[in-house]
Each structure stands twice: as structure tokens, then as C-alpha cells.
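What follows is each chain in one-letter form.
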Amino acid sequence: MKPVRASAAALLSLALSAPTAAHAGYLAHAVGKSSRVPLPESTDGIDAHYLMDLHWGYRGGRSIVTVTPVADARDALPSRAAGSRAAADAEADIPLEAIHAIVSEALRRTGRFEVHGGPTDAARAEVPSKGDLLQVSVSAYESRVVARVANPRARRTQGSEVETGRIALSMRLVGPAGEVKIVDRFDALVEKPRTGLSGAGTADALPANILRTSIGQAALAAANKGAYEIVKAVGPLPVSGLVVKAEEERVWVNLGGGVVSVGDELEVTAKGEALVDPETGLDLGGVETSLATVRVVQVEERFSVAELLSAAGTPARGDRVRSTTGAAGFEFAPDWDPPGKEAF
């Protein structure tokens, strides 16, 4: 990781019937058919095979990131594919829109970001206030099918074909004022497509047909590697949300299960007048007024109910709520202890 101006604070969220080595506090787990393994602080040296499905344990506030359309800046790599129809199909370019969708979904599923923007130029138009830009390009690409000879001492009959895909994604995270926060390149090599990806392609945002190929799975692994490093670099945020309904002694907030728990205390604040820099036109935020402290008493899937503990004002719909305890740090496995690939 090569952070430029960031403090280095120490894709697919799934529920398996028989997870192993799971711990709710770890930032992420590699997920297989019958195994779930926590990731160490660095993913360097971890086979892409294990990075296609990630279960994220982050529970905290989110910030906005806009993924710009992916630029085609791929290196020229020699092709060694056999001249078969399967080889020709394997060498078909992965659409840049598919890479954009995979990167966006990998970031969204971390739970750390609210992802804006689409793969078209029109979606590039504007970065939300206080949001960051993630600029992604394809910096290497290769996909090939190698025909193996099954029995060279006999009749040299053709055996099974092995598909290989390699990709590298260059990612740059830029702050709202134009400051560069992160620059890095994330490589992945998939020598044989992994079958039975748990959940890959089940979301509309993910191109299922692409994720069945070696190059698509390499893109998914590279995007997950990048998302992991970006979350570490930007660090956690305190849990925050909005009031969706308020009564005399209770408020309803848009924070549900997995984000808050019964007994959590939240501060309710009202946004003051927006301050805009007269020179740059940037939104500098505004002074917030503390209205109340509330305690969560009921948690549902997508919202929770809290009771007033103290109040200096009257909470209303649209007011912001945030945890009073700050952000919890990330936890990592002490090392990487991969299970056998048969578990994946």
C-alpha cells in the first residue's frame, strides 16, 4: 500500500451453515463452501482463489465514494492461447462496465462506503459533497486457454483445457478538495475458474456470466484486495445515521441489525447553516447543535427504536445520530492459515 496523505489505520457478505475460525471483530473473512478464514493485515501472497468471496465484519459509519468510469490503460501482454473456439471465447475482452460494476460492488459490500456513480460519462458529472473519487484503470490483462496433451507417450490425445486469467487494477482515491489519498495497483491471477462461488452473481450489480470466467474472477479478487486496503487506509468511522421518525420520548433511526445493538447510546444533532468557502465554492460543513442523547431499545433489520435519556432540544426527522463511543478499531488474524482448496 502506498498512502500519500492518509493515516494507515490498522465481496461478498454471506451466511454459511458451518463456518469455521470466524470472529465478529475481524475486518474480513475469506469464505468458501465449508470454511471461513479471517484475513491478516496484509493480503500480499494470498492466492486469488481465496479472495473471491469476502465476508466483511465492519460495523461503523459510512462515507461517500464515487467510482469513476474505468479507464482502459491495459498493458500489451502476449497471448499464448490455443487456436480453439474456447480459446477465442476466453480471450474476449472483459467489458470495462463489468469491471466498474465489480469494483463498485466490492466497495459497497465492505459496509464502509456509500457508492455513487455509474459506468457512463453522464454519471461522472458530479461528486457528492464531502465525497471521494475512486479512479480505476485496467493496468494489465491476459486470458488464455492452454490445451494439455493427456498422454504424450501414447496417441497424444487432447486432455482438458485449463483457463487462465490475469488482471491488475490501478486505483487512486482522491479527496473532495483534490488531494490524493491512495495510489496502488492490485494484481490477481486465476489459473482455473472457481466453481460454486457462494453468492457471486446473485446481486443484480454483478455480471454473473463474467464471474464464471477466469478473467472475471481475477477482476473480483483484485477488486476485493483493493477494497480491503482502501478500508484499512481510510480507517473506521463512528456509527452514524438519520432520524426517520420522532415522538415525545422515542426516535426511530435508519440503523438496523448488525450496525447497532440494544443498549447502544447515540447523540442526536441538528445541522446548522452550511458554510461554503467563498474562494473554492467547497462545502466546509456547518456547526451542529446537540439535541439529545438516546439509548437503543429495539433493533429491527433496517431500523431501530431509541428512547430519550436527555434532551436539550426536540429531535425531528432528518436530524443526524452518531455513536457516543467513537469508532471501533479493526482486528486482523495474526497470520494467514489457508484451508485446503477443497473447502473452497
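First, a word on what this report is: a plain description of the structure on this page. (Residues numbered from 1 in each chain as written. Predicted model: local features only at pLDDT ≥ 70, side-chain atom pairs only at ≥ 80, totals over all residues. Heavy atoms only, no water.)

Observations concerning the pairing of strand β11 (residues 240-246)
As paired strands, β11 and strand β16 (residues 320-323) are joined by three bridges and run antiparallel to one another. By the bridge assignment for β16, S240 is matched with R322. Inspection of the sheet shows β11 paired to strand β12 (residues 250-253) by three bridges, in the antiparallel sense. Note that in β12 the partner of V243 across the bridge is V253. (Pairing = 2+ DSSP bridges. Helix = DSSP H or I, 4+ residues; strand = E, 2+ residues; numbered from the N terminus.)

Considerations on helix α3 (residues 214-234)
Over its 21 residues, α3 extends 30 Å from the first C-alpha to the last, a length consistent with the 30 Å expected when each residue adds 1.5 Å. Of all 21 residues in α3, 20 are buried, a share of seventy percent or more. (Expected span 1.5 Å × (residues − 1). Buried < 20%, exposed > 50% of the residue type's maximum accessible area, 1.4 Å probe, protein only.)

What to know about the packing of aromatic side chains
This model, assessed by the stated rule, comprises four aromatic pairs. Aromatic pair Y228 and F332: ring centres 6.4 Å apart, planes at 80°, arrangement edge-to-face. Linking Y228 in helix α3 with F332 in the segment after β16, this pair joins segments that are 104 residues apart in sequence. A residue is classified by how much of its surface remains accessible, and Y228, at 1% relative accessible area, is buried. Three or more aromatic residues link up through ring pairs in this structure, and these residues are W56, Y228 and F332. The ring of F113 is capped by R112, whose NZ or CZ atom sits 5.4 Å from the centre of that ring. The ring of F332 carries the charged tip of K232 above its face, separated from the ring centre by 5.9 Å. (Phe/Tyr/Trp six-rings, centres within 6.5 Å; stacked < 30°, edge-to-face > 60°. Lys NZ or Arg CZ within 6 Å of the ring centre and 35° of its normal.)

Let's talk about a nonpolar patch on the surface
There is a patch of nonpolar side chains on the surface, built from L275, L282, L284 and V287 and spanning about 370 Å² of accessible area. With relative accessibility at 34%, the residue L282 sits in the partly exposed group. (Patch = residues over 30% accessible without salt bridge, like charges linked within 9 Å, V, L, I, M, F, W, Y side chains within 5 Å. Areas by Shrake-Rupley, 256 points an atom, 1.4 Å probe, with all protein chains shown as cover. Salt bridge = Lys/Arg side-chain N within 4 Å of Asp/Glu carboxyl O.)

With respect to the pattern of salt bridges
Counted according to the given criterion, the structure contains 10 salt bridges. Of the charged contacts, one joins D53 and R194 as a salt bridge, the two residues approaching to 3.9 Å between their closest N and O atoms. Placement of the pair is D53 in the loop between β3 (36-38) and β4 (54-56) and R194 in the loop between β10 (180-190) and α3, with a sequence separation of 141 residues. The exposure classification of D53 matches that of R194, with both residues buried. Between R185 and D187 there is a salt bridge whose closest N-O contact spans 3.3 Å. Overall, the relative accessible area of 32% leaves D187 in the partly exposed class.

Things to note about the nonpolar core
With 54 residues, the main nonpolar core has V103, L107, L134, I167 and L169 as its most contacted residues. Elements with a contribution of two residues or more to this core: β2 (28-31), β4, β5 (63-67), α2 (96-108), β8 (132-149), β9 (158-174), β10 and α3. Apart from residues lying up to four places away in sequence, L134 is in contact with V65, T66, V67, T68, V103, L107, M171, R172, L173 and I230. Core analysis: the second largest hydrophobic core is formed by 15 residues, V268, L291, A292 and A306 among them. (Core = buried A, V, L, I, M, F, W, Y, C linked by side-chain atoms within 4.5 Å. Contact = heavy atoms within 4.5 Å.)

Quick word on the packing of α2 against α3
Orientation of α2 relative to α3, taken along the N-to-C sense of each, is 40°, at an axis distance of 9 Å. In terms of axis orientation, α2 runs oblique to α3. When the axes of α2 and α3 are compared, the crossing they make is right-handed. Taking contact as the criterion, the partners of I102, V103, A106 and L107 in α2 are, on α3, G216, A219, L220, A223, N224, A227 and I230. (Axes fitted to C-alpha atoms, helices over the stretch in contact; angles between N-to-C directions. Parallel < 35°, antiparallel > 145°, perpendicular 65-115°, else oblique. Left-handed = near helix turned anticlockwise from the far one by under 90°.)

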